[in-house]
Amino acid sequence: MTNSKLIYIEDDQILGNLITQALVDYGFEIDFRTTLNGLQESLASMLPDLLILDIEVNNQSCLDILPAIRSQYPQLPIIIASSHTDGAKIIRSYDAGANHYIKKPYDVTELVFQIQNLLQQSEKAAACDMENRHLSGRHTQTTARRNMGKRFE
């Protein structure tokens, strides 16, 4: 799991620095930001393995842009890390496209566990997708061969 690339957005600079250092110590490569500005560009250029977002970032809500991110990157694991504890906000986070919601304050080991869990799920899904494409391609080739044989009989 080490060397996975994460984008982490947290507007509390001190908390962000602490979490970033802890995640680096666990072997993750972190792009830490305190704003949502430029996020789309970073997603496109970095192609992270996982995204961690705070809900409220400098008077902006990540929930407003999360559906677009989910649409553009459907396989990207997304964790919301927020101090919002009301059920409606949590449900809205999942509805907007989050894979997991972790409530602040949280223990870094819990966050790391969730990151590793989502990365494993993502790797398994990618492997299954690759296998399905491979099998589908073999089926298409076999069908094409059968059809070619019928044309020349």
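Residues numbered from 1 in each chain as written. Predicted model: local features only at pLDDT ≥ 70, side-chain atom pairs only at ≥ 80, totals over all residues. Heavy atoms only, no water.

K.L.:
What should I look at first to understand the sheet that holds strand 3 (residues 50-53) in this one?
P.N.:
Backbone hydrogen bonds hold the strands of a sheet together, and the pairing may be parallel or antiparallel. With respect to topology, five strands assemble into an open sheet ordered 2-1-3-6-7, the strand pairing being parallel. Unpaired on one side and paired on the other, strand 2 (29-33) and strand 7 (100-103) mark the two borders of the sheet. Geometrically, the sheet is characterised by an average inter-axis angle of 20° between neighbouring strands, direction not taken into account. Note: strand 1 (residues 5-9) against strand 3, four bridges, orientation parallel. When the bridges of strand 3 are listed, Tyr-8 appears paired with Ile-52. (Pairing = 2+ DSSP bridges. Helix = DSSP H or I, 4+ residues; strand = E, 2+ residues; numbered from the N terminus. Axes fitted to C-alpha atoms, helices over the stretch in contact; angles between N-to-C directions.)

K.L.:
I tried to follow the nonpolar core on my own but got confused; where do I start?
P.N.:
Burial of nonpolar side chains together is a common tendency in soluble globular proteins. Counting 22 residues, the largest nonpolar core has Leu-39, Leu-43, Leu-51, Leu-53, Leu-66, Ile-69 and Ile-80 as the members making the most contacts within it. Mapped onto this core, the elements with two or more residues apiece are strand 1, helix 2 (39-46), strand 3, helix 3 (62-72), strand 6 (78-82) and helix 4 (87-96). Those residues in contact with Leu-39, other than ones at most four positions away along the chain, are Ile-7, Ile-9, Leu-51, Leu-53, Ile-65 and Ile-69. If you look at the next biggest cluster of nonpolar residues, it comprises 18 residues, including Phe-28, Ile-30, Ile-102 and Leu-118. (Core = buried A, V, L, I, M, F, W, Y, C linked by side-chain atoms within 4.5 Å. Buried < 20%, exposed > 50% of the residue type's maximum accessible area, 1.4 Å probe, protein only. Contact = heavy atoms within 4.5 Å.)

K.L.:
Sorry if this is basic, but what is going on with unusual backbone geometry here?
P.N.:
Backbone geometry follows two general trends: most residues other than glycine have a negative phi, and most peptide bonds adopt the trans configuration. With an omega of -5°, the peptide bond between Lys-104 and Pro-105 qualifies as cis. Tracing the sequence through the fold places Pro-105 in the loop between strand 7 and helix 5 (108-151). We note that Leu-47 has phi near 45°; this positive angle belongs to a residue other than glycine. Tracing the chain through its elements places Leu-47 in the loop between helix 2 and strand 3. With a phi close to 50°, Asn-58 is a non-glycine residue in the positive phi region. Assignment of secondary structure puts Asn-58 in the loop between strand 4 (56-57) and strand 5 (60-61). A relative accessible area of 43% places Asn-58 in the partly exposed class.

K.L.:
What is the right way to read the side chain of Ser-82 from this model?
P.N.:
Relative to the helices and strands, Ser-82 resides in strand 6. Sequence-distant contacts of Ser-82, defined by excluding residues within four places in its chain, comprise Asp-54, Ile-55, Tyr-101, Ile-102, Lys-103 and Lys-104.

K.L.:
What is the right way to read the layout of surface pockets from this model?
P.N.:
Taking a probe equal in size to a water molecule and rolling it over the atoms shows the remaining empty space. Size it by volume and the largest pocket reaches roughly 470 Å³. Forming the walls of the largest pocket are 20 residues, and the residues nearest its centre are Gln-75, Leu-76, Pro-77, Ser-122 and Ala-126. Ranked by residue count, the leading element in the lining of the largest pocket is helix 5, at nine residues. Looking at side-chain class alone, the lining of the largest pocket contains 12 nonpolar, four polar and four charged residues. (1 Å grid on protein atoms, 1.4 Å probe; cavity = no way out; pocket = protein on both sides within 12 Å on 5 of 7 lines; lining within 4 Å. Points joined across faces, edges and corners; volume = space filled by probe spheres on them. Nonpolar A, V, L, I, M, F, W, Y, C, P; charged D, E, K, R; others polar.)

K.L.:
Hey, could you run me through the pattern of salt bridges in this one?
P.N.:
Working definition: two side chains of opposite charge can pair if their charged atoms are close together. What the rule picks out here adds up to five salt bridges. In this structure, Asp-64 and Arg-92 form a salt bridge, with 3.4 Å as the shortest nitrogen-oxygen distance. With a gap of 28 residues between them, Asp-64 in helix 3 and Arg-92 in helix 4 connect regions that are remote in the sequence. Among the charged side chains, a network of salt bridges with common partners joins Glu-10, Asp-54 and Lys-104. (Salt bridge = Lys/Arg side-chain N within 4 Å of Asp/Glu carboxyl O.)

K.L.:
What is the right way to read the pairing of strand 2 from this model?
P.N.:
When a strand is regular, its side chains alternate between the sheet's two faces. Along strand 2, the buried face is formed by Ile-30 and Phe-32; none of Glu-29, Asp-31 and Arg-33, which line the opposite face, is buried. Across five bridges, strand 1 lies against strand 2 in parallel orientation. By the bridge assignment for strand 2, Ile-7 is matched with Asp-31. Handedness of the crossover joining strand 1 and strand 2 through helix 1 (residues 13-25) is recorded here as right-handed. (Right-handed = clockwise from strand over helix to strand, strands pointing away.)

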